[in-house]
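So the chains spell out like this:
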Amino acid sequence: MSSPFFMKKKENPKFAKKGKNTAVLKRKADGDSGGKSKLRAKKPNSKHNEEISSDSETESPVVPRKRHSKEEIDYEETPQEKKLRLAKLYLEQLKEEEEDKAEEDSFETDLIAGRLQEDVLEQKGKLQRLIAKDLIPPDASEIRVLRGHKLPITCLVISSDDKFIFSAAKDCSIIKWDVETGKKLHIIPGGRKGTEDRHVGHTAHILCMAISSDGKYLATGDVNKLIMIWEAETCKHLYKFTGHKGPVSGLSFRKGTHDLYSASHDRSIKVWNVDENAYVETLFGHQDAITGLDSLSRECCVTAGGRDRSVRVWKIAEESQLVFHGHEGSIDCIQLINEEHMITGADDGSVSLWSVNKKKPLCTVKQAHGRHGDAGLEQPHWVASVAALQNSDTVASGSHNSQVQLWKCGQNYRGLQPLFSVPVSGFINSLKFSSSGQFLVAGVGQEHRLGRWWRLKEAKNGIYVIPLKRKPPNPEEAKMTE
């Protein structure tokens, strides 16, 4: 006989109704997915179904059923499937990391490769940065003038970091300037003739100077055949080199070293080791007073031979020389553009570009600074100084026609085109570009650095800091580049 309890439960309409509603809700929640879910929904008497059919389910029947469905899916994932899924995720993560790393490495490699390529081109003398086309003349108000020397400035140099200018003059003094502020940082006063034994410094006109590429040493040469070595940072006197038998007219440190090359009116080239305070050797070849000297990183230097009208390339290690001819007058100044090209200026008014591989100039501009004098008696303005922005297509020349002329070198240095001129009154005895190419410095005086046969009374002795302005970027060109 069946228990009344079970009979009552079976006939209880409340439970029957509730079970029916639960089945409907289950179908709505599971989208009538059938199978196992439907079978469970048909068992209203199970304890599991009674707990799910709580008051919370009545308030929100759909959301708990969805959560339950996800839990069932997670629960049904086998350990092997989970391992496979995690392994795939890990492999994808590794792949993404490797791709990112490869992009970074590729970018760094491209940078290094580009830098190495530039270094190789620089060593070969084939690096030519094309910046001349973007230069525009500065306004007169933008040119700064530094005054401190009492007599004409004869020479100057700029530190490789572009922070300092060192200048020297016929008053035998040396001044260190701060480029940013224009203030004098150090002054080494000149001494009077006859005080050489007790005066620390020069007692005769200083004709040339050079600074090492690391900014450690400053070298200066004077009419009294002396070379002075200074600590560039403090302007403390270190050494005195003697040996030349004539005025010292050219100085240059080999780039990256403390080897010093000197030239003199005695027609010789001397090599010194400044670290060791030592003389190394002497080279001969010019037939007249040497008027200028320059060098870069190779173990060689170039010189201008004045009235022997020759330019010479000296191979120091081989103790040999190459001889070049081209100017019709005395060659008074010379500067290397890169390891294989140079620019010279002469008193016949011409400016020439040279290659160390050709005995004749690649190009020459005659009367580069015009002419002066009475009709029928005109003479060209002689070129007193030249400068080159290293490894670029931009050079400059100075004369006494109150103009600094900037030039654009043609492709492979086979031409010179005038860019613009900057008004500067006086003899432009020295010109130097900053390493960054942001400015050009001119040392100006009332007289030529080597003589007093002509004096420009209206001129003032000073150092002109000329900014090299660039054209503003053209929006259309920028879009095309993008």
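Here the structure is shown first, and the text comes after it.
Residues numbered from 1 in each chain as written. Predicted model: local features only at pLDDT ≥ 70, side-chain atom pairs only at ≥ 80, totals over all residues. Heavy atoms only, no water.

Draft legend 1. Spotlight on the overall build of the chain. Counting secondary structure elements, the chain contains eight helices and 32 strands. Expressed as a percentage of its 482 residues, the buried residues of the chain come to 46%. Long-range contacts, defined here as pairs at least 24 residues apart, represent 49% of the contacts in the chain between residues at least 6 apart. Of the accessible surface of the chain, which amounts to about 26500 Å², a share of 51% is contributed by carbon and sulfur atoms. (Helix = DSSP H or I, 4+ residues; strand = E, 2+ residues; numbered from the N terminus. Buried < 20%, exposed > 50% of the residue type's maximum accessible area, 1.4 Å probe, protein only. Contact = heavy atoms within 4.5 Å. Areas by Shrake-Rupley, 256 points an atom, 1.4 Å probe, with all protein chains shown as cover.)

Draft legend 2. View of a nonpolar patch on the surface. Nonpolar side chains collect at one region of the surface, where Y90, L91 and L94 lie side by side and expose about 300 Å² of accessible area between them. If you trace the backbone, L91 turns up in helix α7 (residues 79–124). The class for L91 is exposed, based on a relative accessible area of 54%. (Patch = residues over 30% accessible without salt bridge, like charges linked within 9 Å, V, L, I, M, F, W, Y side chains within 5 Å. Salt bridge = Lys/Arg side-chain N within 4 Å of Asp/Glu carboxyl O.)

Draft legend 3. Fine view of the pattern of salt bridges. A complete count under the given rule lists seven salt bridges for this structure. Note that D347 is salt-bridged to R307, the shortest N-O span being 3.4 Å. Of this pair, D347 sits in the loop between β20 (341–346) and β21 (351–355) while R307 sits in the loop between β16 (300–304) and β17 (310–315); the two residues are 40 residues apart in sequence, bridging distant segments of the chain. Classification of D347 by relative accessible area gives partly exposed; the value is 22%. Within the structure, one salt-bridge network assembled from shared partners comprises R298, E339 and E340.

Draft legend 4. Here's a closer look at a negative patch on the surface. Together, E92, E96, E97, E98, E99, D100, E103, E104 and D105 make up a region of like negative charge exposed at the surface. In this structure, E92 sits in helix α7. Judged by relative accessible area, which is 49%, E92 ranks as partly exposed. (Lys, Arg positive; Asp, Glu negative; His and termini not counted. Charge placed at Lys NZ, Arg CZ, Asp CG, Glu CD.)

Draft legend 5. A look at the sheet that holds strand β19 (residues 331–338). The four strands are arranged β19-β20-β21-β22 in an open sheet whose pairing can be described as antiparallel. Pairing within the sheet leaves two strands with one partner each, and these edge strands are β19 and β22 (363–365). Shown here is a sheet whose adjacent strand axes are inclined to one another by a mean of 20°, direction ignored. Sheet topology places β20 next to β21; five bridges connect them, and they run antiparallel. By the bridge assignment for β21, H341 is matched with S355. (Pairing = 2+ DSSP bridges. Axes fitted to C-alpha atoms, helices over the stretch in contact; angles between N-to-C directions.)

Draft legend 6. Region of interest: unusual backbone geometry. Despite not being glycine, C172 has its phi angle at roughly 70°, a positive value. Within the secondary structure layout, C172 lies in the loop between β4 (164–169) and β5 (174–178). Although it is not a glycine, Q367 sits at a positive phi angle of roughly 50°. When you line up the elements, Q367 lands in the loop between β22 and β23 (371–372).

Draft legend 7. Expanded view of the state of the cysteines. In total, this model carries zero disulfides according to the counting rule given. There is no disulfide at C409, and the cysteine sulfur nearest it, in C363, is 7.4 Å away. Owing to a relative accessible area of 2%, C409 belongs among the buried residues under this scheme. (Disulfide = S-S within 2.5 Å.)

Draft legend 8. Expanded view of the sheet that holds strand β26 (residues 394–398). Spatial strand order, β25-β26-β27-β28: four strands in an open sheet with antiparallel pairing. Because the sheet does not close on itself, it has two edges, and the strands there are β25 (385–388) and β28 (416–423). Each neighbouring strand pair of the sheet contributes to a mean axis angle of 20°, computed without reference to strand direction.

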